[in-house]
Amino acid sequence: MRAVVTGGAGFIGSHLCDHLISQGHQVVVLDDLSTGSADNLPAGENVELVRGSVLDRDLVDSVIRDSDVVYHLAAAVGVHNIVDKPLESLRINLDGTENVVEAAVQHRAPFMIASTSEVYGKNDADGLREDAVRVLGSPLLSRWSYAAAKGIDELLGYVHSTESGVPCVIVRFFNIVGPRQTGRYGMVVPRFVTQALANEPITVFGDGTQRRCFGSVHDVVPAITELMRTPAAYGRAVNLGGHEEVSIKGLADRIRELTSSTSETTFVPYEDAYGSGYEDMQRRMPDTGLARELIGFEPKYGLDDIIRSITDAR
Ligand code: UDP
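A few points on the structure. (Residues numbered from 1 in each chain as written. Predicted model: local features only at pLDDT ≥ 70, side-chain atom pairs only at ≥ 80, totals over all residues. Heavy atoms only, no water.)

## A few points about the site of the ligand
Right, so step 1: Taken together, 19 residues surround the ligand, and among them Arg191, Thr203, Arg212, Asp280 and Arg284 come closest.
Right, so step 2: Between the ligand and Phe205, the relevant distance is 2.7 Å, taken from an oxygen atom to a main-chain nitrogen or oxygen of the residue.
Right, so step 3: Here an oxygen atom of the ligand sits 2.5 Å away from a polar atom, N or O, in the side chain of Arg284.
Right, so step 4: Within the residue set of the shell around the ligand, elements represented by two or more residues are α6 (188-197), β8 (202-205) and α9 (270-274). (Near = heavy atom within 4 Å. Polar contact = N/O pair within 3.5 Å; in protein donor to acceptor, adjacent residues only side chain to side chain. Helix = DSSP H or I, 4+ residues; strand = E, 2+ residues; numbered from the N terminus.)

Next comes the structure, spelled out in structure tokens:
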């Protein structure tokens, strides 16, 4: 099979490429290397890097034309990108997805769309199911513009798939972490690990009582390809993530302990971290029952395993 991975030089995308290659597939990566890196990609004849943007419609079409399956992970990611470059982020996340979906449908290649737990917004339920209500602030606040764009991406994929009959699976990632993720764009775990290893202050934003549930990239990547092989998943949005919930302050403590660091924790007001008008989510916890039902998904890696996999790779 010839698989196209947009954003394949990025964090999740590059792990997906490794997995596809290990299964004997030929992989074509479309990536503009804005946040990803060619160093993330394995060497060899089974992978080809096409450097370019999903905004380049003709390029997207030519890459997808002869492919058997498309994994669309290219996106403007990370809170910093979204806040600093709102217009560019919006274009990549809306127009870029439209180009990819249209090409996939045109060439009748089944496609996967990477979405995010951000679509649930401030719904802090104990286990968010895929049909949970979305609680979003004003779309004029950059954080919610990202959630709004990803919601439209899901809809674009869903409607195109329904009308054309070309299979589509939407995957909602919940704080996926692991080796190769960079802290440059805001992601908390690589940032804390870097700070702890350097014995520098660990920067907890807000009071650190906000909670997240971190999932391992090594758990979710095999699940992505499995979902694409599962007809019952077509036309569905499926949560993927971990099971172990932790407060951000608790995460700082755990990382400090596992790295034997002497770092102190400093509490940084949200306004200093993200500028004014930023709203954080207090809690975000997935219900992965649908993934379990469809493909027997069961996360194997807990928080300590995940932190160790990152520190071991440094
Ligand atoms: N966060 C933090 N310190 C940092 C970076 C992030 O305390 O240096 C917090 C952030 O405010 C949020 C949580 O960690 O409450 C997770 O942030 P991330 O950007 O990784 O993911 P998301 O906000 O999308 O869940």
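## A few points about the sheet that holds strand β14 (residues 283-284)
Right, so step 1: One open sheet holds the 3 strands; their spatial order is β12-β9-β14, and the pairing between them is mixed. The strands lining the two open edges of the sheet, one partner per strand, are β12 (245-247) and β14.
Right, so step 2: In this structure, strand β9 (residues 211-213) lies alongside β14, joined through 2 bridges in parallel fashion. Its bridge partner lying in β14, Arg212 is registered against Arg284.
Right, so step 3: Across the face of the sheet, helix α8 (residues 248-258) comes into contact with β9 and β12 while running at roughly 95 degrees to β12. (Pairing = 2+ DSSP bridges. Contact = heavy atoms within 4.5 Å. Axes fitted to C-alpha atoms, helices over the stretch in contact; angles between N-to-C directions.)

## Structural notes on the nonpolar core
For soluble globular proteins, nonpolar side chains are generally found buried alongside one another.
Right, so step 1: The biggest cluster of nonpolar side chains holds 36 residues, and the ones touching the most others in it are Ile12, Tyr71, Leu73, Met112, Phe173 and Leu240.
Right, so step 2: Examining the composition of this core, we find that 7 residues originate from one element, helix α7 (residues 217-228), more than from any other.
Right, so step 3: With residues near it in sequence (within four places) discarded, Leu240 still touches Val171, Arg172, Phe173, Phe174, Ile176, Val220, Ala223, Ile224, Leu227, Thr288, Ala291 and Phe297. (Core = buried A, V, L, I, M, F, W, Y, C linked by side-chain atoms within 4.5 Å. Buried < 20%, exposed > 50% of the residue type's maximum accessible area, 1.4 Å probe, protein only.)

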